[in-house]
Amino acid sequence: MEHPENDARYKGLQVNEGVGSQPVTNPYKKRRNTVRPALSVNDYVEGILKGDVSILGRAVTLIESTAEAHQQIAQEVIERCLPHSGKSQRIGITGVPGAGKSTSIDEFGLHVIRQGGKLAVLAIDPSSERSRGSILGDKTRMEKLALEKNAFIRPSPSAGSLGGVARKTRETIVLCEAAGYDHIFVETVGVGQSETAVHSMVDFFLLIQLAGTGDELQGIKRGIMEMADGIVINKCDGDNIERAKLAASQFRNALFLFPPSPSKWKPEVITYSGYYGLGIDIVWDMIERYFAYVKKTGYFEKKRNEQAKYWMMETIDEQLRNHFYQIPEVRALLQQKELKVLNNEQSSFTAAKDVLDCYFRKIKEKE
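Residues numbered from 1 in each chain as written. Predicted model: local features only at pLDDT ≥ 70, side-chain atom pairs only at ≥ 80, totals over all residues. Heavy atoms only, no water.

**Student:** Please explain the overall build of the protein as it appears in this structure.
**Tutor:** Across its full length, the protein carries 13 helices and seven strands. Per-residue burial for the protein yields a buried fraction of 44% across its 367 residues. Sequence-distant contacts in the protein: of pairs separated by 6 or more residues, those separated by 24 or more amount to 74%. For the protein, the exposed surface amounts to about 21,800 Å²; the carbon and sulfur share of it is 54%. (Helix = DSSP H or I, 4+ residues; strand = E, 2+ residues; numbered from the N terminus. Buried < 20%, exposed > 50% of the residue type's maximum accessible area, 1.4 Å probe, protein only. Contact = heavy atoms within 4.5 Å. Areas by Shrake-Rupley, 256 points an atom, 1.4 Å probe, with all protein chains shown as cover.)

**Student:** Can you walk me through the environment of glycine 47 in this structure?
**Tutor:** The topology assignment puts glycine 47 in helix α1 (residues 41-49). For the pair glycine 47 and alanine 179, spaced 132 residues apart in sequence, the C-alpha to C-alpha distance is 8.3 Å. Not counting residues within four places of it along the chain, the set of residues in contact with glycine 47 comprises Asp52 and Ile55.

**Student:** Please explain the pairing of strand β1 (residues 89-95) as it appears in this structure.
**Tutor:** Within a regular beta strand, the side chains point alternately toward one face of the sheet and then the other, so they alternate between its two faces. With seven of seven residues buried, β1 is to be regarded as a mostly interior element. Burial along β1 is two-sided: Gln89, Ile91, Ile93 and Gly95 and Arg90, Gly92 and Thr94, pointing in opposite directions, are all buried. As judged from the five bridges shared by β1 and strand β4 (residues 183-187), these two strands associate in the parallel manner. Across the sheet, the residue bridging to isoleucine 91 is phenylalanine 185, located in β4. Bridge count between β1 and strand β5 (residues 204-209): five bridges; the pairing is parallel. Considered in β5, the bridge of glycine 95 is made with isoleucine 208. (Pairing = 2+ DSSP bridges.)

**Student:** Would you explain the packing of aromatic side chains in this entry?
**Tutor:** For any pair of aromatic rings, the description rests on two quantities: the centre-to-centre distance and the angle between the ring planes. On inspection of all chains with the given rule, the structure shows 13 aromatic pairs. Consider the rings of phenylalanine 204 and tyrosine 290, whose centres lie 5.0 Å apart with planes at 70°: the pair is edge-to-face. Linking phenylalanine 204 in strand β5 with tyrosine 290 in helix α10 (residues 280-297), this pair joins segments that are 86 residues apart in sequence. A single burial state applies to phenylalanine 204 and to tyrosine 290, both of which are buried. Through successive ring pairs, a cluster of aromatic residues spans Phe204, Trp265, Tyr290, Phe291, Tyr293 and Phe300. The aromatic ring of tyrosine 181 is capped on one face by lysine 118, whose charged end is 4.6 Å from the ring centroid. The aromatic ring of phenylalanine 300 is capped on one face by lysine 295, whose charged end is 5.1 Å from the ring centroid. (Phe/Tyr/Trp six-rings, centres within 6.5 Å; stacked < 30°, edge-to-face > 60°. Lys NZ or Arg CZ within 6 Å of the ring centre and 35° of its normal.)

**Student:** Before we go on, may I ask you to explain the nonpolar core in this structure?
**Tutor:** The tendency in soluble globular proteins is for nonpolar side chains to be buried side by side. Counting residues in hydrophobic clusters, the biggest one holds 49 residues, and the most contacted among them are Ile48, Leu56, Leu175, Met225, Ile231 and Ile233. If we skip the residues at most four places from it in the chain, isoleucine 231 touches Leu207, Gln209, Met225, Phe251, Leu255, Glu268, Val269 and Ile270. Residues Trp265, Val283, Ile287 and Phe291 belong to the second largest nonpolar core, which totals 33 residues. (Core = buried A, V, L, I, M, F, W, Y, C linked by side-chain atoms within 4.5 Å.)

**Student:** It is not clear to me how the pattern of salt bridges should be interpreted in this structure. Could you clarify?
**Tutor:** Here the idea is simple: oppositely charged side chains can pair when their charged atoms come close. By the definition in use, this model includes nine salt bridges. One salt bridge connects aspartate 203 with arginine 304, and the closest N-O pair in it is separated by 2.8 Å. Here the residue aspartate 203 occupies a position in the loop between α7 (194-199) and β5, and arginine 304 occupies one in helix α11 (residues 299-326), the gap between them amounting to 101 residues. For arginine 304, a relative accessible area of 11% puts it in the buried group. For the salt bridge of lysine 362 with glutamate 365, the shortest nitrogen-to-oxygen distance reads 3.4 Å. Within this pair, lysine 362 and its partner glutamate 365 are both found in helix α13 (residues 348-366), separated by three residues, close to a single helical turn. For glutamate 365, a relative accessible area of 52% corresponds to the exposed category. If you follow the salt bridges from partner to partner, you end up with Glu329, Lys362 and Glu365 in one network. (Salt bridge = Lys/Arg side-chain N within 4 Å of Asp/Glu carboxyl O.)

**Student:** I keep staring at the packing of helix α12 (residues 328-342) against α13 and nothing clicks. Help me out?
**Tutor:** The packing of two helices is summarised by the inter-axis angle and the distance between the axes. Their axes nearest at 10 Å, the elements α12 and α13 cross at an angle of 170°. The angle between α12 and α13 falls in the class roughly antiparallel. Contacts from Glu329, Val330, Leu333, Leu334, Lys337 and Val341 of α12 reach α13 at Ser348, Ala351, Asp354, Val355, Cys358, Tyr359 and Lys362. The residue makeup of the contact of α12 with α13, split by class, is eight nonpolar, one polar and four charged. (Axes fitted to C-alpha atoms, helices over the stretch in contact; angles between N-to-C directions. Parallel < 35°, antiparallel > 145°, perpendicular 65-115°, else oblique. Nonpolar A, V, L, I, M, F, W, Y, C, P; charged D, E, K, R; others polar.)

**Student:** Teacher, can you tell me more about helix α4 (residues 101-114) here?
**Tutor:** Counted at 1.5 Å a residue, the expected span for α4 with its 14 residues is 20 Å, and the 20 Å between its end C-alpha atoms agrees. Within α4, 12 of the 14 residues are buried, which leaves it mostly tucked inside the rest of the structure. Burial in α4 covers these residues: Lys101, Ser102, Ser104, Ile105, Asp106, Glu107, Phe108, Gly109, Leu110, His111, Val112 and Ile113. Backbone geometry just downstream of α4 places glycine 116 in the positive-phi region, at approximately 95°. (Expected span 1.5 Å × (residues − 1).)

Put into structure tokens, the structure is as follows:
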């Protein structure tokens, strides 16, 4: 557009043309090849055993991938790393959202590292039911721990499938142990059945509770209380100290109503403040006493063996389910039966039987 100010009538005045839209990237910058070279199974295993965090992270990404080629490599890596695993303390940490799980892990982790340990934090992050997206912000909330070279923090999205994520988390534990991490923290979503899944892969299950948020008895849920090996009341500071002590007393009384745990360990109830770092050493002493007790009684090995058997059966169930839905004829028949069930033309049970019969028939045909 020509500026009228540039007319000959206006001597001594000149307006230059404006600058057009600029490219988003620097056109003078030399482009680098950002594609990382593919690694072999040997590269992954050697890197993990050397404690290479970058290769460990890439191996975990393979585990979380749904691509069949990635899964084949991941399973080979896990199999090779398995003999080097099993030498860590696996601790599950759960609690309602806002109980201070990430803040507490930050302090507990620093305590472990100051004692000369190496820590891996595996956090199951809730995913949106609509978009399937996750924030994966646990590393940001663990500000102190994220700066430690002996700490590895890895959030994983639940993506609507706790069972699948839990299996991948257990496989990640194997890789972290092979990489030399002697303490593994597994943080749950804090809602639903994630506690049960995490409980089946850890040695010690810590329940974080709050006081002063209403009816403390609401926190005394039979299922989660029976799973807990230790209960801690967070935010015991300032004006909340008396309320935290009262909540601890109520939890101790409630524990007397429950049957003894399989380990015969009596869960303890402790108050502390994750934000101010108060009472962290007391909580950790309780955890150490638990490990000393279960190793002395032989329950530690027994529980590990039961968990290995449990995850074998879970993997079989998952593989069978995946194989079932991969057969085209089964998927097509399933859609037809769904319409019949929705239109009340067939019962759910007979429809399921027809689909299963189709599945077994296809299996026999392949034989």
